[in-house]
Amino acid sequence: GAVVSQHPSWVICKSGTSVKIECRSLDFQATTMFWYRQFPKQSLMLMATSNEGSKATYEQGVEKDKFLINHASLTLSTLTVTSAHPEDSSFYICSARDPSGGVTTDTQYFGPGTRLTVL
Amino acid sequence: GENVEQHPSTLSVQEGDSAVIKCTYSDSASNYFPWYKQELGKGPQLIIDIRSNVGEKKDQRIAVTLNKTAKHFSLHITETQPEDSAVYFCAASILANLFFGTGTRLTVIP
């Protein structure tokens, strides 16, 4: 299957700083990428949908000014957590949709996740 | 929006036995149903999927069934092995957006 990478895999930062997480599709071009957040022992919560060259669409309750998403190319989307606070500590996972498969355009491939800890 | 329910939340089976995880969905417009396996500290890995025009799909020890009328789909794992231990998520897709179930923690006892 298609491969999606994330960097960094984990990050620890001080409260008030900003953190950028990168999501890359390695062997396909992803016109759409998704950002999820996952708390321990819980399911994935969609934060936003990122389309290449346009503004991201945020889910209800997700602060777009706090979670900045940029999808500047067909293989890279970034999530920046601005002015991070301890409550932002979580596991952030991206996924990418491979549009080349025709009828399989719904298929999302997930990255390995980034664990963010805000002190 | 779509609501996906998943049962059971935890499942323990002896190695070699079968495991079945069930999900229901609410929106008849859902047309794609993937299953993901997530190991601790890792991202979800697609293990099998099924589309609404198919009733059953099998890949080695893993199979998925779909009943559109009843709006439920199930994951079947046969001859379970310890490495099958993980959290499994079902999902339903409408217009390429995934709606996830709450997950099932499967433990295969050697």
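Predicted model, so just to flag it, every value in this text is computed and none were measured. (Residues numbered from 1 in each chain as written. Chains lettered and ligands numbered in written order. Predicted model: local features only at pLDDT ≥ 70, side-chain atom pairs only at ≥ 80, totals over all residues. Heavy atoms only, no water.)

With respect to the overall build of chain B
Then comes step 1: Across its full length, chain B carries 0 helices and 11 strands.
Then comes step 2: Helices and strands in chain B line up, N terminus first, as β-β-β-β-β-β-β-β-β-β-β.
Then comes step 3: For 110 residues, the compact-globule formula gives about 13 Å, and the C-alpha radius of gyration of chain B, at 13 Å, lands near that figure.
Then comes step 4: Oriented by its inertia axes, the alpha-carbon framework of chain B measures out at about 40 × 30 × 20 Å.
Then comes step 5: Burial statistics for chain B: of 110 residues in total, 46% are counted as buried.
Then comes step 6: In chain B, 52% of the contacts between residues at least 6 apart in sequence involve partners at least 24 apart. (Helix = DSSP H or I, 4+ residues; strand = E, 2+ residues; numbered from the N terminus. Rg over C-alpha atoms; globule rule 2.2 N^0.38 Å. Buried < 20%, exposed > 50% of the residue type's maximum accessible area, 1.4 Å probe, protein only. Contact = heavy atoms within 4.5 Å.)

Some details on the state of the cysteines
Residues and elements named next belong to chain A.
Then comes step 1: All chains considered together, the criterion is met by 2 disulfides over all chains.
Then comes step 2: Linked covalently through their sulfurs, Cys23 and Cys94 form a disulfide whose S-S length is 2.0 Å. Across the S-S bond linking Cys23 and Cys94, the dihedral sits near 80°, which makes this disulfide right-handed. Of this pair, Cys23 sits in strand E3 (residues 19-25) while Cys94 sits in strand E9 (residues 90-97); the two residues are 71 residues apart in sequence, bridging distant segments of the chain.
Then comes step 3: Under the relative-accessibility criterion, Cys23 is labelled buried at 0%. (Disulfide = S-S within 2.5 Å.)

Overview of the interface of chain A and chain B
Then comes step 1: At the interface, 21 residues of chain A touch 20 residues of chain B.
Then comes step 2: Looking only at chain A, the three residues that lose the most surface to chain B are Ser43, Asp106 and Phe110 of chain A, adding up to 34% of its buried area.
Then comes step 3: Between the two partners, chain A and chain B, sit 0 salt bridges.
Then comes step 4: At the boundary of chain A with chain B, the tally comes to 5 residue pairs in polar contact (both at pLDDT 80 or more).
Then comes step 5: At the level of secondary structure, the elements contributing two or more residues to the side of chain A that touches chain B comprise strand E4 (32-38), strand E5 (44-51), E9 and strand E10 (108-110) of chain A.
Then comes step 6: Residue composition of the side of chain A that touches chain B, by class: 9 nonpolar, 9 polar and 3 charged. (Buried area = accessible area lost by both parts, 1.4 Å probe. Salt bridge = Lys/Arg side-chain N within 4 Å of Asp/Glu carboxyl O. Polar contact = N/O pair within 3.5 Å; in protein donor to acceptor, adjacent residues only side chain to side chain. Nonpolar A, V, L, I, M, F, W, Y, C, P; charged D, E, K, R; others polar.)

Overview of the nonpolar core
Then comes step 1: Grouped together as the largest cluster of nonpolar side chains are 25 residues, with contacts concentrated most on Trp35, Phe67, Leu79, Tyr92 and Leu116 of chain A.
Then comes step 2: Among the elements of the structure, strand E2 (10-13), E3, E4, E5, strand E7 (67-73), strand E8 (76-81), E9 and strand E11 (114-118) of chain A are those that each provide at least two residues to this core.
Then comes step 3: In this structure, Trp35, Ile62, Ala86 and Val108 of chain B belong to the second largest nonpolar core, which totals 24 residues. (Core = buried A, V, L, I, M, F, W, Y, C linked by side-chain atoms within 4.5 Å.)

That is the geometry; function is a separate question.
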